[in-house]
Amino acid sequence: MLDSFLFILIIGPFIAAVLCYIVRIPHIRSLIVLATGCLLAVTSVLLFINGSFSHTPPPLLGVPPRWWVLWADDILLLTMLYYAFKRRHLFSKILIIFQFVCLDYFELFMVDHDKVFPPFVADNLSLVMVLVISIVGSLICVFAIPYMNKHEAHQKLEKSRQPVFFAFLIVIMGAMNGLVLSNNIIFMYMFFEVTTLGSFMLISHDQTETAIRNSVRALWMNCLAGAAFIVAMIWAYVTQNTVEAQKLIAAGHMGGIMLMPLALLCFAGMVKAAQFPFQSWLLGAMVAPTPTSALLHSSTMVKAGVYIALRFAPGFAGTFLSQCLTACGAFTFLAASAMAVSQSNGKKILAYSTIGNLGLIFVCAGINTPEAITAAILLIIFHAFSKALLFLSVGGMEQHIGSLDIEVMRGLYARMPRTAIIAVLGIITMMLPPFGVLLSKWIAIEAASRHLFVIVPLAVGSALMVVYWSRWAGVLLSAPYEPHVAPEQQGVLTRLPLLALAGGAVLLSLCAPFLYAELVVPMLPAPPFTIRAGIFENPEGTFALYPITLVLALGFVCAVFAAGKARKARFEGPYLSGAQTADPETFEGPMGKPVAVTSGIYYFESIFGEEKLTVWANICGGMLMALLIGGAVR
Amino acid sequence: MRAVVLVIMGVVVAPLLGGLIAGVDRRLTAWFQSRYGPPVWQPFFDVAKLFGKERLLVNTWQVVCAYIYVTAAMLSVVLFFLQSDLLLILFVQAVGAIFLVMGAFSATSPFSQVGANRELIQILTYEPLIILVFVGIYLATGSFKISEIYSQTEPLLKSLPLLYIVLGYALTIKLRKSPFDFSTSHHAHQELVKGFLTEYSGPYLALVEIGHWYEVVLILGLCSLFWATSWVGIIVLVGITYLCEILIDNVMARMTWRWMLGSVWAMGLSMSFVNLIWLHGR
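Reading the values: the criteria
- Residues numbered from 1 in each chain as written.
- Chains lettered and ligands numbered in written order.
- Predicted model: local features only at pLDDT ≥ 70, side-chain atom pairs only at ≥ 80, totals over all residues.
- Axes fitted to C-alpha atoms, helices over the stretch in contact; angles between N-to-C directions.
- Helix = DSSP H or I, 4+ residues; strand = E, 2+ residues; numbered from the N terminus.
- Parallel < 35°, antiparallel > 145°, perpendicular 65-115°, else oblique.
- Left-handed = near helix turned anticlockwise from the far one by under 90°.
- Contact = placed C-beta atoms within 7 Å.
- Nonpolar A, V, L, I, M, F, W, Y, C, P; charged D, E, K, R; others polar.
- Pairing = 2+ DSSP bridges.
- Buried ≥ 20, exposed ≤ 12 C-beta atoms within 10 Å, placed from the backbone.
- Core = buried A, V, L, I, M, F, W, Y, C linked by C-beta atoms within 7 Å.
- pLDDT = per-residue confidence, 0-100.
- Expected span 1.5 Å × (residues − 1).

(A) Spotlight on the packing of helix H10 (residues 259–272) of chain A against helix H25 (residues 610–633) of chain A. Residue and element names in this part refer to chain A. Look at H10 against H25: their axes get within 8 Å of each other, and the N-to-C directions meet at 165°. The orientation of H10 with respect to H25, classified from their angle, is roughly antiparallel. In terms of crossing hand, the pair formed by H10 and H25 is right-handed. Between H10 and H25, the contacting residues are Leu259, Met260, Ala263, Leu264, Cys266, Phe267 and Met270 on the first element and Met625, Leu628, Ile629, Ala632 and Val633 on the second. Here the contact of H10 with H25 is built from residues that sort into twelve nonpolar, no polar and no charged.

As C-alpha cells, then:
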C-alpha cells in the first residue's frame, strides 16, 4: 500500500504534469487537474491514517531511485542553466554551475551508496505537511482552471500557455510531497530544486518584462539557497559520514562544527521562505497569475523553508544557532508587518503578511520548546488555509474590478457581495480569536515571553498586523446602503474551492484541540498543554477556546439577527455637515455644485514606507543571517 | 457556584459600575471647570434615551459591529472576573475594538473614515504596550493567569513600577482621554464631529456606550492587579489612577497622532524594556 501511496503523492503529479503538457485539449486538461487534485487529497488522508513509517521504495522501472534522483538533478540544473544563459544572468550561472559540479562530484565520487537506510521517513510533521500541501494545493489548482481561462481571454494570446502553467502548478505539489517525506537529504535537495525551477517558471509565466525580471530574481535567490543546501550536504557527509536526515538531527547535539550543516540548511530554508533580506523574490512573485501566488504563499514553496527549519530543529535545540534563528525570525516579523502597513496593493499586503507569519514560525523553531513547536505547526496549518483563501478572493476581485489597490476595493460588497464577505472572513480568521492563527500566535507569544529581544518585536509586529488587516476588511464593506445587493455570479469551480477553504479556515479552528492532540502531541517529548472542554491550559496560561467561541458565536448570531431586523429602520446617507445632497456620495459645494465625497486610508508612508525601510531592513536582516551562519562555527 | 456569581457580576454589575464611573468622571470634570455638572446618574439617562430613539442607519454593518463590540467587551470583563489568561482577555477585547473600527470604516462619511484610521493608530500605539505589561506580569509571577497574581504576597507595583506607568499611557489612549482623543472624544464639537462614532446612532450608539463602560471596568481592573494583595490597596491605587486620568484629560490639549505614536512608543517601549530587564536579572 505504502508504495502506491508514495507513488501517487510524489510521482503522480509529475505524470499528471506531463499529461497536462502533452494533451492540448482544454477540457481534458481540466479533467486531469481535477482528477489529480482529488486523488492527491484522498491519498494524503489515507497516508495520514496509515500513520508514521520509514520506507525503502522498490526500483522504479528496474532502476534504483537514487539514480533517478541524480538524473533528475542533472536535468534540473541543466534546465536552470539554460534559462540563466537565456536571461543572461551571471550570478545565476555561477551558482548553478557550482551546484552542478559539487553535486555530481559528491554523488559519483564521495557518497558510499552501499549504506542502506530508508530514503523516505514520515513522522507527524511530514504527514501534516502532506495533508496541507495536497488539500490546499489541490483546491488552488481547481480554482486555477476557470481563473486561467479568464486570464488568457483577457491577455488575448494567440497560443494558450496553460499547458505549461498547469504542468508546473501540479509538479510543485509533487515536489513538496517528496521534500517533506524524504529522509535522504540528497532526495530532499532534488525536490528542493524542483520547487525552485517550478516557481521560476510560474513567476515568468506572463512573459512581461517585470515578470521576467522578477523570475530571474527568484531564480538566483533560490539557487543561493540550493548552493547552501549542497554545501550543507557535503559538509554533513564529511563530518558525519551520512546523508540521513534523522542521523544529522541526532548529531547536532554534539555542537561545534557539527552545527554548520544545520546552520546552512536553516539559511537555505530562510531564503526559500523569503526572510529578510531575501524577501524581494516573494514580493516579485506577485506578478504571476494569482493561483501561483496562492500556491507559493500558502501551502508550498515558502512552507518548504519553514519545514526544513522545523525538521532539523531538534538538532540545534539550546544552541546559539537556535537563538540566531529566533532573532532572524523576530526581525522579519517586525519589518514585514511594518512595511505591510504602508502598502495599498492587496497582493503586496498579503505577501508581507506571509513573510511576517513565516518569520513567526522561524521564531518558534528557534525557541524550540514543545510549546513553540506546537505554535509553529498549528500556524502552518491555519495560515495555509486563510492565506490561500485570501489570495484566491483577491484574484477574483482583480479579474472583476481590474485592480489590486485596496482603495479601489472600497465598497466592494455592493459589487461582489460573496467575494467581499469571504475576504472579510479570511481577514478575520487571520487576526482575531477564536480562530486558529490567533491561537497559534497566543501560544507563540507565551512561549517567547522569556526572550526579551523577541517579545518586543512580536508585540509591536502583532499590533501592526491588526492595523493593515482591519482597515482592509473595513474598506471592503464601505458602501452606502443598498436594500438589494445583486447576487454575484460565480462558476462552480470558482465557488467550490473558496467555500472549501473558508469552511476549512473556520472549522479547523474549531478542531484545534483535536488537531493539537492528534497531530502535534505525538511529535513532542512532553505535551505542553492539557485540554479540557476545549480549553488549552498549562501553568503559564489558559486559552478558553470553546467557551469564547460559543459566546462570540452567540453574539454574532444576535448581531446578524439584529441586522436583519434593522432593515426595517430608516436609512440615510452619511453625515456631511448638513451639506448632503440626494446622492449619498456627494455634498453641496461652492455655487451649489455637487462635490464627490472622498476619503482614503492612512498608509503612514513617512514612517513605514517601503523605500524608507527596505535598505535598512535588508542590512539588518543580512547581518542577522551572517550571525546565524558565523555563530554556528564557534 | 462561585463562577456563576462571578459571571453575573461581570455581565450585570460591571456596566452599572462603568456607568457610575462615567457619571463621577463628568461630575469631577465639571468641578475642575467650575461648572455644576450633570447628576451622577446622567450616563444611564443618556443611554436610556438613546435606546428610545428612532433607528436611523447608514448601513446594516454598523448594527453587526455594535453587537459584536458589546459582546466582546462583556466577554473580556467576564474572563477577567473568572481570573483567566491576561493575553486572552486582551485578544477578546481586541475583537470588539476592531469590529467597532470596521463598522466605522463601513460608513462612507469622511468623519467616520478619518476617525477609523485614527482609532487604528490608537490601537497600534497601546496594544504592544499592554502586551509588554502582561509579559512583565508573567516574568514577575510565572504565569499569565490572573489567579496567579492573586496568590502573590507582595503587590506587583513593587517589581513593576515602570510598567505601571506604561499601563497608564496605554489606558489613557484606550479611554481616549486628552491628549489622546484623536479618533473620537466626549465632545462632538471638534473638527471630526464625533470621529469614528459619527455614524453610530440611537440604540446602536447606546450599545457602544455600554461596551465602553465594560471596557472602563476592565481597564481599572487591570490597574487593580498591581496592588491585588489588599482591598485598601486596590481602592487607593485605582482611585488615584483614575483621578490622574481625569486631571490629565482636563489639563492637556489634544496632540497629533504622530506625536502620540512617536512619544508613547519611545517612552513606553524603553520603560517596559528597562523594567523587563530588571525582572530578567533577578
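(B) Geometry of the interface of chain A and chain B. Taken residue by residue, the interface counts 57 residues in chain A and 58 residues in chain B. Every element with two or more residues in the side of chain A that touches chain B is listed here: helix H19 (436–448), helix H20 (452–476), strand S5 (541–544), helix H23 (545–565) and strand S6 (570–571) of chain A. The element best represented in the side of chain A that touches chain B is H20 of chain A, accounting for 14 residues. Here the residues of the side of chain A that touches chain B sort into 42 nonpolar, eight polar and seven charged. In terms of strand pairing, S6 of chain A meets strand S1 (residues 56–57) of chain B through two bridges, oriented parallel. Across the sheet, phenylalanine 571 of chain A pairs through a bridge with leucine 57 of chain B, a residue of S1 of chain B.

(C) Layout of the pairing of S5 of chain A. Residue and element names in this part refer to chain A. Of the two faces of S5, the one lined by Gly541 and Phe543 and the one lined by Thr542 and Ala544 are each fully buried. With four bridges connecting them, strand S4 (residues 535–538) and S5 associate as antiparallel partners. In the sheet register, isoleucine 535 faces S5, and the bridge partner there is alanine 544. Where S4 folds back on S5, the antiparallel hairpin that results is connected by two residues.

(D) Spatial organisation of the nonpolar core. Within the largest apolar cluster, 339 residues are counted, with the highest numbers of intra-cluster contacts made by Ile170, Cys364, Ala376, Leu378, Ala388 and Leu476 of chain A together with Phe134 of chain B. By residue number, the principal contributor to this core is helix H16 (residues 370–401) of chain A, which donates 19 residues. Once residues lying within four places of it in the same chain are set aside, the contact partners of alanine 376 of chain A are Leu310, Ile361, Cys364 and Ala365 of chain A.

(E) Main features of the sheet that holds S4 of chain A. Residue and element names in this part refer to chain A. The strand order across the open sheet formed by three strands is S3-S4-S5, and the pairing between neighbours is antiparallel. Strands with a single pairing partner mark the edges of an open sheet, and in this sheet they are strand S3 (530–532) and S5. Neighbour-to-neighbour, the strand axes of the sheet open up by a mean angle of 20°, direction not taken into account.

(F) How the structure looks around unusual backbone geometry. Residues and elements named next belong to chain A. The step from proline 433 to proline 434 runs through a cis peptide bond, and the omega angle for that step is 5°. Take proline 434: it is sitting in the loop between helix H18 (417–431) and H19. The phi dihedral of asparagine 241 falls on the positive side, at around 60°, and the residue is not glycine. Here asparagine 241 is to be found in the loop between helix H8 (209–240) and helix H9 (245–251). Residue asparagine 241 is classed as exposed on the basis of its C-beta count, with 12 C-beta atoms lying within 10 Å. If you check the backbone angles, methionine 591 has positive phi at about 60° while not being a glycine. Within the secondary structure, methionine 591 is located in the loop between strand S7 (586–588) and strand S8 (594–596). According to the C-beta neighbour criterion, methionine 591 is exposed, with 5 such atoms within 10 Å.

(G) Looking closely at the confidence of the model for chain A. Across chain A, pLDDT averages 91, with 99% of residues at or above 70. Averaged over each element, pLDDT in chain A is lowest for H9 of chain A (84) and highest for helix H15 (residues 346–367) of chain A (95).

(H) Geometry of the environment of valine 101 of chain B. All names here are of chain B. Here valine 101 shows up in helix H4 (residues 86–106). Owing to 28 C-beta atoms within 10 Å, valine 101 belongs among the buried residues under this scheme. For the pair valine 101 and glutamate 191, spaced 90 residues apart in the sequence, the C-alpha separation amounts to 19 Å.

(I) Fine view of helix H9 (residues 202–224) of chain B. End to end, H9 of chain B covers 33 Å across 23 residues, agreeing with the expected 33 Å (1.5 Å per residue, within 8%). A large share of H9 of chain B lies buried, amounting to 20 of its 23 residues.

(J) Focus on helix H13 (residues 302–312) of chain A. Counting buried positions along H13 of chain A yields eleven of eleven residues, so the element is predominantly enclosed. Buried within H13 of chain A are the following residues: Val302, Lys303, Ala304, Gly305, Val306, Tyr307, Ile308, Ala309, Leu310, Arg311 and Phe312 of chain A.

(K) Expanded view of the packing of H15 of chain A against H20 of chain A. Residue and element names in this part refer to chain A. The N-to-C vectors of H15 and H20 enclose an angle of 155°; their axes lie 12 Å apart at closest approach. Between H15 and H20, the angle falls in the class roughly antiparallel. The handedness of the crossing between H15 and H20 is left-handed. From H15, Ile349, Ser353, Gly356 and Val363 reach across to H20, where they touch Val454, Gly461, Met465, Tyr468 and Trp472. Among the residues forming the contact of H15 with H20, the class breakdown is six nonpolar, three polar and no charged.

(L) Main features of the pairing of S4 of chain A. Residues and elements named next belong to chain A. As defined by bridge partners, S3 adjoins S4 across three bridges and the pair is classed as antiparallel. Paired with threonine 530 across the two strands is glutamate 537, which belongs to S4. Counting the residues in the hairpin turn of S3 and S4 gives two residues, including alanine 533, whose phi is positive at 50°.

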